[in-house]
Amino acid sequence: MWKLLGSFGRFSPNARTIASQIQSGLKSTILDKSNLFEGLNFRYFGPIDGHDILHLVSVLQDMKRIPGPKLLHCMTVKGKGLRQAEQNQTAYHAPGIFDRETGLIIKTTDAGVPATYQEFSERQYWAGKEESPDCWHYSAMITGCALRTMKMEIPERVFDVGIAEQHAVTFSAGLATQGMIPYCNIYSSFLQRALDQLIHDVALQNLHVVFCVDRGGLVGTDGATHHGFFDLAFMRSIPNMVVAAPMNSLELRNMLYTAQLEKQGPFSIRYPKGSGMINDWNKPFEEIELGKARLIGEGSDLAVLSIGNPGNFVVKAGNS
């Protein structure tokens, strides 16, 4: 019909326009609301069951014959086919090793291993408590960044902005202009999406925003798209930005403390996925002097420079 109306264009140039208006009216009546994608001049189809492969293939074959931009809306269930994954979608987003027959996740963490940086950081966001009422916390990955417990305890101070990293950074800039100290939690890999907001909305205005850059470095079972390879490079190129990385949980504790002190500007703290390395972290807060290196060991044959968690491996190699 679309091609036929096009051939009539010389006699009735508005034929396609009228047909599109009639179609849009019918769709709006049936769907009981205007369609966003149709408004952007996409031909919208669906929603359909994305797990019905035969039907999905048939629809795609039909759509191939329709000219112009098209969008197919498929409804799917996360973890479809594995009962445990369907019922506990968050845990099975990156489950690690699990039994392929039963679906049960196999725990590989030994007893006595220090808490992960993520678990530890949640306990250390003491600034969000009554002691510091101007601090706020929010995340683009509230479960992965381990803020769920805090969200339940002080919901008015913790915001889950969803997969909207650019909004998270601009949101933090807005809070900072009002005298608040926002702690913005985002995976390193996803912070790349908000580079423009980092520069223009926060750094150039020298606003006091604390970025907790989670998953800095390799992330194992989270997969290649989550590797935090680039944050050190692009953060170092941004004016006014402090770039910090703790070697263990105690240093993370003191960095979180230092970051909220007066006269700080944009402050980023990057930490990896995994163990915080030590259990003996519950000590008085100490301000960390910015821009100062620390000599861990002395020798005469080799000099090794490191930053953050990899320093633990340097120490281990030096002692072996």
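Quick note: structure is the one above.
What comes next is a walk through the structure. In this text the structure is predicted, and so the values were computed from the model without any measurement.

The rules behind the values
Residues numbered from 1 in each chain as written. Predicted model: local features only at pLDDT ≥ 70, side-chain atom pairs only at ≥ 80, totals over all residues. Heavy atoms only, no water. Helix = DSSP H or I, 4+ residues; strand = E, 2+ residues; numbered from the N terminus. Polar contact = N/O pair within 3.5 Å; in protein donor to acceptor, adjacent residues only side chain to side chain. Axes fitted to C-alpha atoms, helices over the stretch in contact; angles between N-to-C directions. Parallel < 35°, antiparallel > 145°, perpendicular 65-115°, else oblique. Contact = heavy atoms within 4.5 Å. Nonpolar A, V, L, I, M, F, W, Y, C, P; charged D, E, K, R; others polar. Buried < 20%, exposed > 50% of the residue type's maximum accessible area, 1.4 Å probe, protein only. Arc of directions from axis to C-beta. Pairing = 2+ DSSP bridges. Right-handed = clockwise from strand over helix to strand, strands pointing away. Salt bridge = Lys/Arg side-chain N within 4 Å of Asp/Glu carboxyl O.

Things to note about the environment of Q178
(1) Moving on: Here Q178 lies in the loop between α8 (165–177) and β5 (181–187).
(2) Moving on: Among the polar contacts listed, one links the side chain of Q178 to the side chain of T177, at a separation of 3.2 Å.

What to know about the packing of α8 against helix α10 (residues 195–203)
(1) Moving on: One way to put it is that α8 packs onto α10 with a least axis distance of 9 Å and a crossing angle of 10 degrees. It follows from the interaxial angle that α8 and α10 lie roughly parallel. Only Q197, L198, D201 and V202 of α10 make contact with α8, whose side of the interface consists of Q166, V169, T170, S172 and A173.
(2) Moving on: In terms of residue class, the contact of α8 with α10 is made up of 4 nonpolar, 4 polar and 1 charged.

Brief notes about α10
(1) Moving on: For α10, the full list of buried residues reads Q197, L198, V202 and A203. Across the axial projection of α10, the buried residues extend over an arc of 140 degrees, all falling on one side.
(2) Moving on: For α10, the elements touching its buried residues are α8, α9 (188–191), β6 (210–214) and α11 (231–236).

Describing unusual backbone geometry
(1) Moving on: Note the cis peptide between G46 and P47, where omega equals 0 degrees.
(2) Moving on: The backbone of R215 shows a phi angle near 60 degrees, a positive value even though the residue is not glycine.
(3) Moving on: Inspection of the secondary structure puts R215 in the loop between β6 and α11.
(4) Moving on: Look at M277: it is not a glycine, yet its phi comes out positive at around 80 degrees.

Let's talk about the side chain of S172
(1) Moving on: Mapping S172 onto the fold places it in helix α8.
(2) Moving on: In contact with S172, not counting residues within four places along its chain, are Y138, P182, V202, V209 and F211.

Some thoughts on the sheet that holds strand β8 (residues 267–270)
(1) Moving on: Spatially, 6 strands are ordered β4-β3-β5-β6-β8-β7 in an open sheet, and the strand pairing comes out parallel. Edge strands, defined here as strands with exactly one partner in the open sheet, are β4 (158–160) and β7 (242–244). On average, each strand axis in the sheet is tilted by 20 degrees relative to the strand beside it, whichever way the strands run.
(2) Moving on: In this structure, strand β3 (residues 135–139) lies alongside β4, joined through 3 bridges in parallel fashion. Its bridge partner lying in β4, H137 is registered against V158.
(3) Moving on: Against the sheet, α8 contacts β3, β4, β5 and β6, and its axis sits at roughly 170 degrees relative to β5.
(4) Moving on: The strands touched by helix α12 (residues 249–259) within the sheet are β5, β6, β7 and β8, with β8 carrying the most contacts at an inclination of about 170 degrees.

A look at the pairing of strand β1 (residues 43–49)
(1) Moving on: As paired strands, β1 and strand β2 (residues 70–75) are joined by 5 bridges and run parallel to one another. If you follow I48 over to β2, its bridge partner there is C74.
(2) Moving on: Note that the unit made of β1, helix α4 (residues 53–64) and β2 has a crossover that is right-handed.

Description of the environment of P47
(1) Moving on: Locating P47 in the fold gives a position in strand β1.
(2) Moving on: On the accessibility criterion, P47 (48% relative accessible area) is partly exposed.
(3) Moving on: For the pair formed by P47 and L72, sequence separation is 25 residues and the distance between their alpha carbons is 7.2 Å.
(4) Moving on: Here P47 is in contact with H73 and M75, once residues within four sequence places are set aside.

Focus on the pattern of salt bridges
(1) Moving on: As enumerated under the stated definition, the model contains 9 salt bridges in all.
(2) Moving on: Note that D222 and R215 form a salt bridge whose closest N and O atoms lie 3.1 Å from each other. In this pair, the class of D222 matches that of R215, namely buried.
(3) Moving on: Residue K273 is joined to D222 by a salt bridge in which the shortest nitrogen-to-oxygen separation is 2.9 Å. Of the two residues, K273 is situated in the loop between β8 and α13 (311–319) and D222 in the loop between β6 and α11; the sequence distance between them amounts to 51 residues.
(4) Moving on: Overall, K273 belongs to the partly exposed group, its relative accessible area being 30%.
(5) Moving on: D222 gets classed as buried once you look at its relative accessible area, which sits at 14%.
(6) Moving on: If you follow the salt bridges from partner to partner, you end up with D214, R215, D222 and K273 in one network.

These figures come from the coordinates and say nothing about function on their own.
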